[in-house]
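# A look at the structure
Residues per chain are reported as follows:
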Amino acid sequence: MSERLSVFKTYKLYVGGKFPRSESGRVYEVTDSKGNWLANAPLSSRKDARDAVVAARKAFGGWAGATAYNRGQILYRIAEMLEGRKAQFVREVADAEGLSKSKAADQVDAAIDRWVWYAGWTDKIAQVIGGANPVAGPYFNLSSPEPTGVVVVLAPQESSFLGLVSVVAPVIATGNTAIVIASEKSPLPALSLGEVLATSDLPGGVVNVLSGRTAEIATPLAAHQDVNAIDLAGAGEIDGLAKELEIAAADNLKRVLRPQPVDDWAATPGIDRMTAFLETKTVWHPTGSLGASGSSY
């Protein structure tokens, strides 16, 4: 039998449900923890960032308008698809973070479980933070959460997969669409996640994944007028970047989630990252004329 040629994996961006190479044609070398070459990753440009915003905005109406139950089903489907490709992600996380295969497997298992956890919250979060408000007068006064819109997410630099999932899943679970800037030094698990999302019934544009220089991509996105919020999780590990992006985000009053130290990404996350990108809509509705007994409406 003749010897086969090696087939190297070509990593691409994930934008609008498609897999484009960077508009600039640029790539950069990704190495493992020992400096060994792993792959060439796309080096995203400002044009790639703008294209991702257009895709996320286009997808927002349909995703926000989907039932919470349907969003939960899709998030669970992502977990199913990841389970089937676990070996690939264990290898990529081990290479990215310099972990043993067993420790990398623990990280991947936790990431899969994280998708399931947020899938269960999609149709429950409104009951926790919404409800009826007591008011003086013949009115029903109801508050309900609504998604903020297009959210830029700077993935953690060190936790290439579990940290990534932990910041992306809560954003889309509540009906937002996301533009994810992958870890600059370890982008491969994020780019592979795009392949999973594309086969998980998630509408194109709900999640868009960019790789490259974090500061170069994040700066125009923080100032973009059609971006509604930004999670600076991965900016805290780059000197001065978080402050710069926060100032740029103020131009159109974006919601900003400042970097917060996380000791263990595997710990139960709570609901803070879901509520960070929700707006509260309050509706007043007259009850009508009350009868003598005070019980009719």
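All of the points below concern the structure found in this document. (Residues numbered from 1 in each chain as written. Predicted model: local features only at pLDDT ≥ 70, side-chain atom pairs only at ≥ 80, totals over all residues. Heavy atoms only, no water.)

## Focus on the packing of helix α4 (residues 101–121) against helix α6 (residues 162–173)
When two helices pack together, their arrangement is given by the angle between their axes and by how far apart the axes lie. Put simply, the test is: Convention adopted: a line fitted to C-alpha atoms gives each axis, helices being fitted over their contacting stretch, and angles between N-to-C directions are expressed from 0 to 180 degrees. A run of H or I in DSSP counts as a helix once it spans at least four residues, and a run of E counts as a strand once it spans at least two, with each numbered from the N terminus. Here the word oblique covers every angle except those under 35 degrees (roughly parallel), over 145 (roughly antiparallel) and from 65 to 115 (roughly perpendicular). By definition, residues are in contact when any of their heavy atoms lie within 4.5 Å.
For the pair α4 and α6, the least separation of the axes is 9 Å and the interaxial angle reads 10°. Taken together, α4 and α6 sit at an angle that is classed as roughly parallel. In contact with Gln107, Ala110, Ala111, Arg114, Trp115 and Tyr118 of α4, α6 contributes Leu162, Val165, Ser166, Val168, Ala169, Pro170, Ile172 and Ala173.

## Observations concerning the packing of helix α3 (residues 86–97) against α4
Selection rule: Definitions for this section: a left-handed crossing has its near helix turned counterclockwise from the far helix by less than a right angle. A right-handed crossing has that turn clockwise.
Direction vectors running N to C along α3 and α4 enclose 120°, while the axes themselves pass 8 Å from each other. As far as their axial angle goes, α4 and α3 are oblique. Here α3 runs over α4; the crossing is right-handed. Residue-level contacts link Lys86, Phe89, Val90, Arg91, Val93, Ala94 and Glu97 of α3 to Lys101, Ala104, Ala105, Gln107, Val108, Asp109 and Ile112 of α4.

## Some remarks on the environment of proline 138
Positionally, proline 138 belongs in the loop between β3 (131–132) and β4 (139–147). Between the alpha carbons of proline 138 and tryptophan 284 there is a distance of 9.9 Å; along the sequence they are 146 residues apart. With near-sequence residues (within four places) excluded, proline 138 lies in contact with His285, Pro286, Thr287 and Gly288.

## Section: the sheet that holds strand β6 (residues 177–181)
The line we're drawing: One bridge is not enough; two strands pair if DSSP finds at least two bridges between them.
Across the sheet, five strands lie side by side as β7-β6-β5-β8-β9; this open sheet has parallel pairing. On the outer flanks of this sheet lie β7 (207–210) and β9 (255–257), each paired with one strand and no other. On average, each strand axis in the sheet is tilted by 15° relative to the strand beside it, whichever way the strands run. Strand direction decides the pairing type here: strand β5 (residues 150–154) and strand β8 (residues 229–231), joined by three bridges, are parallel. From the neighbouring strand, valine 153 faces β8, where its bridge partner is aspartate 231.

## A closer look at the nonpolar core
Formally: Nonpolar cores were defined as sets of buried Ala, Val, Leu, Ile, Met, Phe, Trp, Tyr and Cys residues, with membership established by side-chain atoms within 4.5 Å. The buried label goes to any residue with under 20% of its type's maximum accessible area, the exposed label to any with over 50%, and the partly exposed label to all in between, with areas taken from a 1.4 Å probe on protein chains only.
By size, the foremost hydrophobic cluster in this structure holds 61 residues, and its most contacted members are Leu82, Trp115, Phe161, Ile172 and Val207. Val15, Ala218, Val227 and Leu232 belong to the second-largest nonpolar core, a separate cluster that totals 25 residues.

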